[in-house]
Amino acid sequence: MKDMQFKRHRRLRSSANMRALVRETHLHIDDLIYPIFVVEGENIKKEISSMPGIYNLSLDQLKGEMDEVVALGIKSVLLFGVPNEKDAEGSGAFHNHGIVQEATRLIKKMYPEIIIIADTCLCEYTDHGHCGVIADGKILNDPSLDLLAKTAVSQAEAGADIIAPSNMMDGFVAAIRKGLDEAGYEDIPIMSYAVKYASAFYGPFRDAAGSTPQFGDRKTYQMDPANRLEALREAESDVEEGADFLIVKPTLSYLDIVRDVKNEFNLPVVAYNVSGEYSLIKAAAQNGWVDEKTIVLETLTSMKRAGSDLIITYFAKDVAKWLAE
Ligand code: PBG
């Protein structure tokens, strides 16, 4: 034993304080973005069956939610709207009194310092559930861009601090940047869903937002999970078009992509810890099969270790509590 040569890695793991001293990655409350689903109507606080702990909230219920969010120290929220009426163009997305616009005004009145990120997409508002306009069963790229730009401008007008386009049409960052600039919102940043895969992990979200496509799927606009170089091309064009943040979505099966994007570009990288990732952990935790707190902190830490600066997560409130303990 005496003259054997080997490294003693365990020296740096000998106690909790020693481990804290050499810990390389830290989760921080400022990393967290909390998604909220606002619905039209009154007195609605409806739990999403596939997402325990996450609700559809009408505007009158938003105050309670925001009080909690603010008390926990969370500084930014991502708003999704669920309208009562849908049409072919998704006009609820760009209506001046649309649900996200009204929710934005309300939150700004209550908590002006909270960062409001508006998800900019059409799928929650179209009767066919696709993220763009349709003709002959095809999702049209360029005509969708005008609607997205209009949506972004109306969200900025309502007071949104960041525009987050998620619809994966080509040129959406350029179109939205131009729209915002022309309307005088050159100071409003774009958090682009730059790399968004056609993923089964969005299933529970589509329950929450009622945005399941009524025909076909999203594979002509969202990316093939098998592709890595394509992710870099997507991110590159968004950077050229003026994105200020780059989202990678989903996260857990795409941590390699998070790292690639972090290494290639010098914008803040945002990991979207999506609905299915939330639901899988929740379901297992509710069955007592995994320890929720430990597994959530482990997965979120892995996202930061992979290179994300920020994390959009339905666990944000839980994590805020755990970090404060
Ligand atoms: C809308 C949108 C989706 C998500 C965020 N924005 C769903 C989709 O593309 O079908 C998914 C978020 C989640 O699963 O948590 N385009």
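It should be emphasised that the depicted structure is a prediction, and the values quoted were computed from it without experimental measurement.

**Overview of the overall build of the protein**
- The number of helices and strands found in the protein is 11 helices and 12 strands.
- Projected onto the principal axes, the alpha-carbon positions of the protein cover approximately 75 × 45 × 40 Å.
- Every one of the 325 residues in the protein was classed for burial, and the buried ones make up 44%.
- Across the protein, contacts joining residues at least 24 apart in sequence account for 74% of those joining residues at least 6 apart.

**Focus: the confidence of the model for the protein**
- Averaged over all residues, the pLDDT of the protein is 96; the fraction at 70 or higher stands at 100%.
- In the predicted assembly, ipTM is 0.96 and pTM is 0.96.

**Quick notes on helix α5 (residues 172-182)**
- Within the sequence span of α5, burial applies to Phe172, Val173, Ala175, Ile176, Arg177, Gly179 and Leu180.
- Taken together, the buried residues of α5 touch β5 (115-120), α4 (142-158), β8 (162-165), β9 (191-196) and α7 (229-241).
- Gly184, located one to two residues past α5, shows a positive phi value of around 90°.

**Observations concerning the pairing of strand β3 (residues 51-58)**
- Bridge count for strand β1 (residues 32-39) against β3 is three bridges, and the pairing is parallel. Bridging across to β3, Val38 finds its partner in Leu57.
- In this sheet, β3 lies alongside strand β2 (residues 45-48) in antiparallel orientation, the contact comprising four bridges. Each residue of the ladder has a partner; that of Ile48, found in β3, is Met51.

**Describing unusual backbone geometry**
- Omega for the peptide link from Lys249 to Pro250 comes to -10°, which places this bond in the cis form.
- Residue position: Pro250 is located in the loop between β10 (245-249) and α8 (255-264).
- The backbone of Asp136 shows a phi angle near 50°, a positive value even though the residue is not glycine.
- Its place among the elements puts Asp136 in the loop between β6 (133-135) and β7 (138-140).
- Within the chain, Met168 stands out as a residue other than glycine whose phi angle is a positive 65°.

How each quantity is defined
Residues numbered from 1 in each chain as written. Predicted model: local features only at pLDDT ≥ 70, side-chain atom pairs only at ≥ 80, totals over all residues. Helix = DSSP H or I, 4+ residues; strand = E, 2+ residues; numbered from the N terminus. Buried ≥ 20, exposed ≤ 12 C-beta atoms within 10 Å, placed from the backbone. Contact = placed C-beta atoms within 7 Å. pLDDT = per-residue confidence, 0-100. Pairing = 2+ DSSP bridges.

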